[in-house]
Amino acid sequence: EAGVTQFPSHSVIEKGQTVTLRCDPISGHDNLYWYRRVMGKEIKFLLHFVKESKQDESGMPNNRFLAERTGGTYSTLKVQPAELEDSGVYFCASSQVTGGNTIYFGEGSWLTVV
Amino acid sequence: EDKVVQSPLSLVVHEGDTVTLNCSYEVTNFRSLLWYKQEKKAPTFLFMLTSSGIEKKSGRLSSILDKKELSSILNITATQTGDSAIYLCGSRSLTTSGTYKYIFGTGTRLKVLA
């Protein structure tokens, strides 16, 4: 069974540009989470989808970040326009059912804004 | 605001040593505590602890939850170089909408020297 996959694995963009990160959860997983890790800090929650619906987006930093999950399958996280402080590792995770015991992480997308 | 705090931030030991990693939490509607190991890429699941005082073991790793102290420890005995990784602690809590939210600490970076 394929795990959670994320694309791209690394991205370097200039300040002001746009980047779109993609996450493909494990097949059949209704719950999809986005997290961000800034160097030296915790893996911070960004938002949670249940199927295509945003269940909790309390962690989204500001309106430069837009997450979508069309059709309840893969999800995208767009940063537009990117700022220097957006640099970090963006992790995606998924779980099988609401209340599932554990979540499974992807390998992360490293974003560097220069 | 909910938070998970881990200590130490990093640790360097020699092969054969025993290490104890600490995790404390302040989380509303707490349900479970989770431990993950992150080597090069995606964090991989180690343990989920829901009941206080019941130790979970997997080989040389063990963990226990203390709900009174709002904390957990992860023990690794007879450490090996392959144990070198970031160990993440996270909490699972129930939201008002009936879904589960997961938040994580900074992680403890463990390096085991040969």
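Higher on the page you've got the structure.
Thresholds applied
- Sequence positions are assigned chain by chain, starting from 1 and proceeding in written order.
- Lettering of chains starts at A and numbering of ligands starts at 1, both following the order in which they are written.
- pLDDT decides what is reported in this predicted model: residues at 70 or higher carry local features, side-chain atom pairs at 80 or more are listed and counted, and totals for whole chains, interfaces and linings draw on all residues regardless.
- Side-chain figures throughout are based on the complete set of non-hydrogen atoms in the structure, without hydrogens or water.
- Runs of H or I in DSSP of at least four residues are treated as helices and runs of E of at least two as strands, each being numbered from the N terminus.
- For a compact globule the rule gives 2.2 Å times the number of residues to the power 0.38, and the radius of gyration it is set against comes from C-alpha atoms.
- Burial classification: accessible surface area is computed with a 1.4 Å probe over protein chains only, and a residue below 20% of its type maximum counts as buried, one above 50% as exposed, and the rest as partly exposed.
- What makes two residues a contact is simply this: any of their non-hydrogen atoms within 4.5 Å.
- Per-residue and other accessible areas follow the Shrake-Rupley method at a 1.4 Å probe size, with only the shown protein chains counted as cover for residues.
- The positive count covers Lys and Arg only, the negative count covers Asp and Glu only, and His and the chain ends enter neither.
- Lys charges are placed at NZ, Arg charges at CZ, Asp charges at CG and Glu charges at CD.
- A carboxyl oxygen of Asp or Glu within 4 Å of a side-chain nitrogen of Lys or Arg is what we treat as a salt bridge.
- What counts as a ring pair is set by centres within 6.5 Å for rings of Phe, Tyr and Trp (its six-membered ring), and what kind of pair is set by the plane angle: stacked under 30 degrees, edge-to-face over 60, tilted for all other angles.
- The rule for a charge over a ring is simple: NZ of Lys or CZ of Arg within 6 Å of the ring centre, and within 35 degrees of the ring normal.
- Polar contact is the term for a pair of N or O atoms within 3.5 Å; when the atoms are in protein, one must be able to donate a hydrogen and the other to accept it, and sequence-neighboring residues count only if both atoms are side-chain atoms.
- In this analysis, strands are considered paired if DSSP registers two or more bridges between them.
- Axis lines are fitted through C-alpha atoms, for helices just across the contact stretch, and the angle between N-to-C directions can take any value from 0 to 180 degrees.
- Here the quantity called buried area is the total loss of accessible area, with a 1.4 Å probe, experienced by two parts when brought into contact, counted for both.

Asks: Would you explain the overall build of chain B in this entry?
Replies: Helix and strand content of chain B: zero helices and 11 strands. Moving toward the C terminus, one meets the helices and strands of chain B in the order β-β-β-β-β-β-β-β-β-β-β. Expected size for 114 residues packed as a compact globule is a radius of gyration near 13 Å; at 14 Å, chain B falls within 12% of this value. The dimensions of chain B, computed from C-alpha atoms along their principal axes, are 50 × 30 × 20 Å. Out of the 114 residues belonging to chain B, those deemed buried represent 45%. In chain B, the proportion of contacts linking residues at least 24 apart, taken out of those at least 6 apart, comes to 56%. When the accessible surface of chain B is totalled, it reaches about 5,500 Å², and 49% of it is carbon and sulfur. Averaging the coordinates of the 14 positive side-chain charges in chain B and doing the same for the 10 negative ones gives two points 6 Å apart.

Asks: Can you help me understand the pattern of salt bridges in this one?
Replies: Pairs can form between side chains of opposite charge whenever their charged atoms are close. Residue and element names in this part refer to chain A. Following the criterion strictly, the structure yields nine salt bridges over all chains and no others. Among the ionic pairs, Arg22 bridges to Asp24, the shortest N-O distance being 2.7 Å. The partner of Lys54 in a salt bridge is Glu57, and the shortest N-O contact between them spans 3.9 Å. The exposure class assigned to Lys54 is partly exposed, which follows from its relative accessible area of 36%. Members of the salt-bridge network, linked through shared partners, are Arg36, Arg64, Glu85 and Asp86.

Asks: Quick question: what am I supposed to make of the packing of aromatic side chains here?
Replies: Per the counting criterion, the structure on display carries 12 aromatic pairs over all chains. By way of ring pairs, the aromatic residues Tyr33, Tyr35, Phe45, Phe91 and Phe105 of chain A together with Tyr36, Phe45, Tyr102 and Phe104 of chain B are connected into one cluster. Seen from the ring of Tyr74 of chain A, Arg22 of chain A lies directly overhead, with NZ or CZ sitting 3.7 Å from the centre.

Asks: What's the story with the environment of Asp66 of chain B in this structure? I'm lost.
Replies: All names here are of chain B. Structurally, Asp66 is set in strand 7 (residues 61-66). Taking the relative accessible area as the measure of exposure, Asp66 reaches 30% and is therefore partly exposed. Spatially, the C-alpha atom of Asp66 lies 9.7 Å from that of Thr50, the residues being 16 residues apart in sequence. Among residues more than four places away in sequence, those in contact with Asp66 are Tyr25, Ser52 and Ser71. Only 3.0 Å separates the side chain of Asp66 from the backbone nitrogen of Lys68, close enough to count as a polar contact.

Asks: Would you mind going over the sheet that holds strand 7 (residues 65-68) of chain A with me for this structure?
Replies: Residues and elements named next belong to chain A. The sheet built from four strands is open, its strands ordered 1-3-8-7 with antiparallel pairing. Two strands close off the open sheet at either side, each with one partner strand: strand 1 (5-7) and strand 7. Averaged over all pairs of adjacent strands, the angle between their axes in this sheet comes to 15 degrees, without regard to strand direction. Pairing of strand 7 with strand 8 (residues 75-79), which is carried by four bridges, proceeds in the antiparallel orientation. Bridge pairing in strand 8 links Phe65 to Val79.

Asks: For this particular structure, what's the right way to read the interface of chain A and chain B?
Replies: When the parts of a complex come together, some accessible area is lost, and that lost area is often used as the size of the interface. The interface is formed by 24 residues belonging to chain A together with 22 residues belonging to chain B. Both sides together, the interface formed by chain A and chain B hides about 1,900 Å², and carbon and sulfur atoms give 57% of it. The interface formed by chain A and chain B includes one salt bridge. For Asp56 of chain A, the salt bridge identified is with Lys101 of chain B, shortest N-O distance 3.5 Å. At the boundary of chain A and chain B, one finds nine residue pairs in polar contact (both at pLDDT 80 or more).

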